[in-house]
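Here is how the chains run, residue by residue.
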Amino acid sequence: MKKYALFIGRWQTWHKGHEWLINQQLEKGNNCWIAIRDVQKDENNPKSAQEVLKELSNEPFFTNNWDKILLSIIPDIESVNYGRGVGYDVIYHEPPKDIEKISGTAIRKKYIDSNGDVIVYNIDTEDVSRA
């Protein structure tokens, strides 16, 4: 029976930071279970869990690792709890600074792209004055 490293999230706007995080386990040869929280759509969650599942299923990162990654939707959660040693670890992965700055919210607001690069808008003042 396969074991999985579990990652729980909204995954709304897939980006380089998500990829870095999951790669921490894939590079160790571990299988990964990406659990998509079924959250209510709002400003911070513009997509349904079903839409996220469909998008992730088509992402090259997932298609290239189809045999090592399980994608599924789970009910929304309020906490993750465990008692005594129950046969698994809880692991925190400290991202490097260039990865830590990447945020799905900033991507959705078009401040940065999915690689964490700042988006520069060139606004022609002539166009603005005509508006």
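Model, not experiment: these values are computed from the prediction.

Draft legend 1. The overall build of the protein chain, seen in detail. For the protein chain, the count of helices and strands is 6 helices and 3 strands. For the protein chain, the α and β elements follow one another from N to C terminus as β-α-β-α-α-β-α-α-α. Expressed as a percentage of the 131 residues in the protein chain, the buried residues total 32%. Surface accessibility of the protein chain: about 9,400 Å² in total, with carbon and sulfur atoms responsible for 50%.

Draft legend 2. Just the pairing of strand 1 (residues 4–9), in detail. Where burial is concerned, the two faces of strand 1 differ: the one with A5, F7 and G9 is buried and the one with Y4, L6 and I8 is not. Pairing geometry for strand 1 and strand 2 (residues 31–38), over 6 bridges, is parallel. When the sheet's bridge partners are listed, A5 is paired in strand 2 with C32. Handedness of the crossover joining strand 1 and strand 2 through helix 1 (residues 16–26): right-handed.

Draft legend 3. View of the packing of aromatic side chains. Tallied over the full model, the rule gives 5 aromatic pairs. Between W11 and W14 the ring centres are 6.3 Å apart and the planes differ by 45°, which places this aromatic pair in the tilted class. Taken individually, W11 and W14 each receive the classification buried, so the pair is uniform in this respect. Members of the aromatic cluster, joined through ring pairs, are W11, W14, F61 and F62.

Draft legend 4. Inspection of the side chain of H93 at higher detail. With respect to the secondary-structure elements, H93 resides in the loop between strand 3 (69–75) and helix 4 (97–100). Every residue in contact with H93, bar those within four places of it in the chain, is listed here: W20, L21, Q24 and Q25.

Draft legend 5. Region of interest: the sheet that holds strand 2. Strand order across the open sheet formed by 3 strands is 1-2-3, with parallel pairing between neighbours. Two strands in the sheet have a free side with no partner beyond their single neighbour: strand 1 and strand 3. Neighbour to neighbour, the strand axes of the sheet diverge by 25° on average, direction disregarded. Inspection of the sheet shows strand 2 paired to strand 3 by 7 bridges, in the parallel sense. Bridged to A35 within strand 3 is S72.

Draft legend 6. Local environment of helix 2 (residues 49–58). Of the positions making up helix 2, those classed as buried are A49, V52 and L56. An end-on view of helix 2 places all buried positions within 55° of arc, on one side of the element. Facing away from the buried surface of helix 2 by more than 90 degrees, the exposed residues are K54 and N58. Next to the buried residues of helix 2 lie strand 2, helix 3 (60–64) and strand 3.

Draft legend 7. Main features of helix 1. With respect to burial, helix 1 is a largely interior element, 8 of its 11 residues being buried. Every buried residue of helix 1 is listed here: G17, H18, W20, I22, N23, Q24, Q25 and L26.

Cut-off values and rules
- Residues numbered from 1 in each chain as written.
- Predicted model: local features only at pLDDT ≥ 70, side-chain atom pairs only at ≥ 80, totals over all residues.
- Heavy atoms only, no water.
- Helix = DSSP H or I, 4+ residues; strand = E, 2+ residues; numbered from the N terminus.
- Buried < 20%, exposed > 50% of the residue type's maximum accessible area, 1.4 Å probe, protein only.
- Areas by Shrake-Rupley, 256 points an atom, 1.4 Å probe, with all protein chains shown as cover.
- Pairing = 2+ DSSP bridges.
- Right-handed = clockwise from strand over helix to strand, strands pointing away.
- Phe/Tyr/Trp six-rings, centres within 6.5 Å; stacked < 30°, edge-to-face > 60°.
- Contact = heavy atoms within 4.5 Å.
- Axes fitted to C-alpha atoms, helices over the stretch in contact; angles between N-to-C directions.
- Arc of directions from axis to C-beta.

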